[in-house]
Every structure is written in structure tokens, then in C-alpha cells.
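This is what each chain is made of:
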Amino acid sequence: MEIAVIDRLPVPFGLVRYGVAPDHESIRSIRNTLERTLERPEVRFYGDVTIGSDLQIEELRQVVDAVIYAYGAGSDRRLGVAGEDLKGSIAAPEFVAWYCGHPDVHPDLDQPTSDGHLVAAAIDELIATASQAVVVGVGNVALDVARVLIKSAPELTDTDMPDDVLESHARKGISEVHILGRRGPAYTSFTTKELRELGQLPGVDVIMAADDLDLDQSSSAVVARDKVAARNVAVMREWADRKPTGADKRIYLHFWTRPTRILGSERVEGVQVERTAIDSDGYVVGSGGNRDIAAQLVVRAVGYRGRPLPGVPYDESTGRVPHAEGRVIRDHGFSADEYVTGWIKRGPTGVIGTNKSDAVETVTSLLADIHDGAVVPHGRSGDLDRLLSQRGISPLDMPAWHRIDAAEIELGRSHGRRRTTLAHRRELLAAAGDDHSPA
Ligand code: NAP
């Protein structure tokens, strides 16, 4: 079997490179495992090929026996409150893409910004002029964002963040981050290791109200049945018992609190929040008691959402590709040659390792269908290459990635860093070598 891994970006690794926080080096090192797979003789990487413009799905389906969609969930969710579009209110996926050096947020000067993404210069200005930030949501992305916002530039030097991102952090003046959870501490989506890390940041007090930890009946039931919830609550109890040290930087955790309006006229000046409760049907409802939290930056970390890809079935209500056990459903029946895995299959949940069992299910379905004759082989070796070459498209392969990799390590070393991510597409293509340098 030959496997072509197609990516619209010039480099492989997707979420591991562009979603995992740069200060989580051990998780980012999963890249080495992925690299070993991409180096196998039966696997080829096709970087810088955009499905929907360079190549249509229908064309791809004609030259290969089966397609597996694994393109993740690239968009963000909205809060649906007034003021959400004010300058200073941004989506976590954009902020994450910025600090990871994603080319969409670091466009070349002559490149139109795709999907109206905020560009790096705008984020640079926001964090340079904000001293207080609000992060909405109590999942791992909220933790990543809060941690990166509060850490100083020297604390981030030992990462592979792009140089200009690191320079922005050096100009940043954020000393206070408020994290808002619309339910109680028993209902967070944190993993305990990541939560604990927040309380270990040097020079930062983590502050929360002790009475948020008085668990009501339903919270107690959650803690009794869910070990992660119990561990998380134990970590937060320890924080609530700690006396603030008077550190210059503070992270506040506010539970039973949700935003009702983002305040400001042109630029965010604060967030109006209300106290919440869970009603008898399990819905989060306002329980009265509005107050304002001063902030010049609001980051909504309330989850990702899948985007439609031209020609691929998409369920608008879930933001996913409809499927059963990884077999794509098209026109009310199973499509004979289309499969799906990852976030675009199950939604933006789970840690990186969750994708492994998810992929096993999909590949098991594919292999069973090949065995049963449901997948009819029709692609010939080399058909994809011929099609791309007829279009004048030269994909970036793994040797090109190794040249980019070497350039990033070299650039990092020249500044006394381990490596430095090249964020601009033009830089990536130039590092990839002569064939791929922009004209
Ligand atoms: P998430 O885990 O689904 O958390 C989203 C949070 O936003 C939840 O607390 C949710 O609260 C809240 N929320 C949703 N809509 C809201 C609204 N309208 N108002 C207020 N709050 C709202 O999503 P995520 O943090 O984006 O993470 C995505 C996935 O990536 C997760 O599986 C996560 O574990 C994973 N991840 C892992 C790591 C790591 O392992 N280090 C790092 C980053 C991300 P409710 O529960 O009340 O809905």
C-alpha cells in the first residue's frame, strides 16, 4: 500500500507543530514519532498542496483508492455576547496559531490574510498595551493561553517560538489573567498535570475564592465518579488554602461565572460577568449578580470547530464530517472510498494520544472494506504525482522538511536558542531549497 499525506502547509505535523504550546516540549517531541512514520518507504509527504484550490476532492478520489480526511478543526467557537468583535477580543485558536508561528497568522507582506485571520502585528499591539486579560473557558487551551500570557520573555526563550513572537513577549505588560468557568471546579476539562503546572509558575500567585470549592450535591457526585475531576478539585483546594505571596503577577480562577458582555467602545475595557448556576435540567443559567472585570484583552478559549472542506460532506450542526466508525456518509449512504479520523471526525476533544485509537478504528474499517471488496482499487502508482505535475504543483517532501528543520535549528543556535520556528511561508519555502523558493 502507498500512502500520500497531503497538507496545505509546507511542513508536516499539523497540531503538534501549530497547536501544542511551545513550552510543552515533551508533547511537541511526538513529532519525532510522526516523522518516523512519514519517513517509511511506503509513505510520502505532499506539503503545500491545498485541497479545494490546487486539487479538488473529486480529482483526488479518481487517482487514489481511498481518501482519509484528517484535517482537524481549524476554526473557533463564539460566545454570542455583545462586544465580542471589539478590538482586543480574540479567539484562542488565533492566539495559539500566533505563538506557534502558523503562516496564516504570520502572512507574507504580499499575501492576503486567509479567512480574515488577525495578523501577528495586531496581536503584538494587543499584548503590548494590555495589563489585564480575561480567558473564557476552563479547558487545557485556556491553561495554555493563561500560562503563555503570564510568562515573561526569558521564561519563553527556551522554546521554539518564532523570534518576532518572543520579541512581542518582551514588550508585553500583562500582570493579571482572569480565567472564567461557567460551571464549578468539578466541571472543568483540565488534565491535572497541566492544571498543576499553573500553580508552579515562579512569581505568580494563583488566586481563587475558597467558597467556589464548597461543592453542591451534583458537583460532589461528579467528584465521586470522575477521578480527574477529584484530582483537579484537590489541586484547586490547595491553591485556595495558600496565602498569596504578593507576587507581581496573578492568575485568578473564577467559577460559576460567565461573560454577559464585553465592555468598551473601540477597544476592550473589561468584561461584564454574571454569577451562574445549573438548573434542574442541567443547563447553565444566570443566577443574578453582575460585576465587571477590568481587562484590555479577552481570549475566548471555548473550544474549536471544524470547517467545511470543498467537496467533503460536512454536518453544519456538529462541525464534523458525518461518519460511522470512520466510514464517511455521503448522500445518505456510505461513500465507497472516503474515511475520516481525528477532530474532524469526533470533534475537538481528547489529547494527542486519543487520535491514535481514533485512527485505529478508521483504519480497521478501511482494511475490512478492502478485504470485503467494498473499496475497489483503481488508483495507479504515480497517478497523483502525474496529476500534480500537470498542474505545475511541486509539493514539499520530507527531504524539504529536513532542510527546513536544519534551518530552524541553525537559526535558533545563532541566537543561543534550541531552535526557532520559521513562521512565514516565504521563509519556509526558501529554507526548503531552490526548487521551492518563491519567484
Ligand atoms: P475544551 O476542553 O472543550 O474546553 C472548552 C471550555 O470552554 C470548557 O470549559 C467549556 O465549558 C467552556 N465553554 C464552552 N462554551 C462556553 C461559553 N459559551 N461560555 C463560557 N464557557 C464556555 O476545549 P479546549 O480547551 O479548546 O481543548 C480542546 C481539546 O484539546 C481538549 O480535548 C483538550 O484537552 C485538548 N488539549 C490538550 C492539551 C494538553 O494535553 N496539554 C493542550 C491543549 C488542548 P463547559 O464544560 O461548561 O461547556
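Fair warning: this is a prediction, and the values are worked out from it, not measured in the lab.

## Quick word on the packing of aromatic side chains
Here comes step 1: Overall, the coordinates contain six aromatic pairs when judged by the stated rule.
Here comes step 2: Aromatic pair Y187 and W256: ring centres 6.3 Å apart, planes at 75°, arrangement edge-to-face. Here Y187, found in the loop between β7 (176-180) and α10 (192-198), pairs with W256, found in the loop between β9 (249-254) and β10 (257-263); they are 69 residues apart in sequence, far enough to count as distant.
Here comes step 3: Residue classification places Y187 among the buried residues on the basis of a relative accessible area of 15%.
Here comes step 4: The rings of F95, W98 and Y99 are connected pair by pair, giving a single aromatic cluster.

## What to know about the packing of helix α5 (residues 92-100) against helix α7 (residues 140-150)
Here comes step 1: Closest axis-to-axis distance for the α5/α7 pair is 11 Å, and the angle between their directions is 50°. Between α5 and α7, the angle falls in the class oblique. For the element pair α5 and α7, the recorded crossing hand is left-handed. Here A92, F95, V96 and Y99 of α5 lie close against α7, whose contacting residues are V141, D144, V145, V148 and L149.
Here comes step 2: Its residues assigned to classes, the contact of α5 with α7 comprises eight nonpolar, no polar and one charged.

## Observations regarding the site of the ligand
Here comes step 1: If you check the shell around the ligand, you find 22 residues, and the closest are V138, N140, R182, R183 and G350.
Here comes step 2: V141 has a polar backbone atom sitting 3.1 Å from an oxygen atom of the ligand.
Here comes step 3: The separation between an oxygen atom of the ligand and a polar main-chain atom of G350 is 2.7 Å.
Here comes step 4: Here the ligand has 910 Å² of accessible area as a free molecule, and 81% of this is covered by the chains.
Here comes step 5: Broken down by element, the residue count for the shell around the ligand peaks at three residues, all from α7.
Here comes step 6: Residues belonging to the shell around the ligand are distributed by class as follows: 11 nonpolar, seven polar and four charged.

## Concerning the pattern of salt bridges
Here comes step 1: This structure, assessed with the given rule, holds 37 salt bridges.
Here comes step 2: Between D358 and R346 there is a salt bridge; the shortest N-O distance is 2.6 Å. Placement of the pair is D358 in helix α14 (residues 354-372) and R346 in helix α13 (residues 343-346), with a sequence separation of 12 residues.
Here comes step 3: Salt bridges sharing common partners tie together D23, D144, R147, K151 and E197.

Cut-offs applied
- Residues numbered from 1 in each chain as written.
- Predicted model: local features only at pLDDT ≥ 70, side-chain atom pairs only at ≥ 80, totals over all residues.
- Heavy atoms only, no water.
- Phe/Tyr/Trp six-rings, centres within 6.5 Å; stacked < 30°, edge-to-face > 60°.
- Helix = DSSP H or I, 4+ residues; strand = E, 2+ residues; numbered from the N terminus.
- Buried < 20%, exposed > 50% of the residue type's maximum accessible area, 1.4 Å probe, protein only.
- Axes fitted to C-alpha atoms, helices over the stretch in contact; angles between N-to-C directions.
- Parallel < 35°, antiparallel > 145°, perpendicular 65-115°, else oblique.
- Left-handed = near helix turned anticlockwise from the far one by under 90°.
- Contact = heavy atoms within 4.5 Å.
- Nonpolar A, V, L, I, M, F, W, Y, C, P; charged D, E, K, R; others polar.
- Near = heavy atom within 4 Å.
- Polar contact = N/O pair within 3.5 Å; in protein donor to acceptor, adjacent residues only side chain to side chain.
- Areas by Shrake-Rupley, 256 points an atom, 1.4 Å probe, with all protein chains shown as cover.
- Salt bridge = Lys/Arg side-chain N within 4 Å of Asp/Glu carboxyl O.

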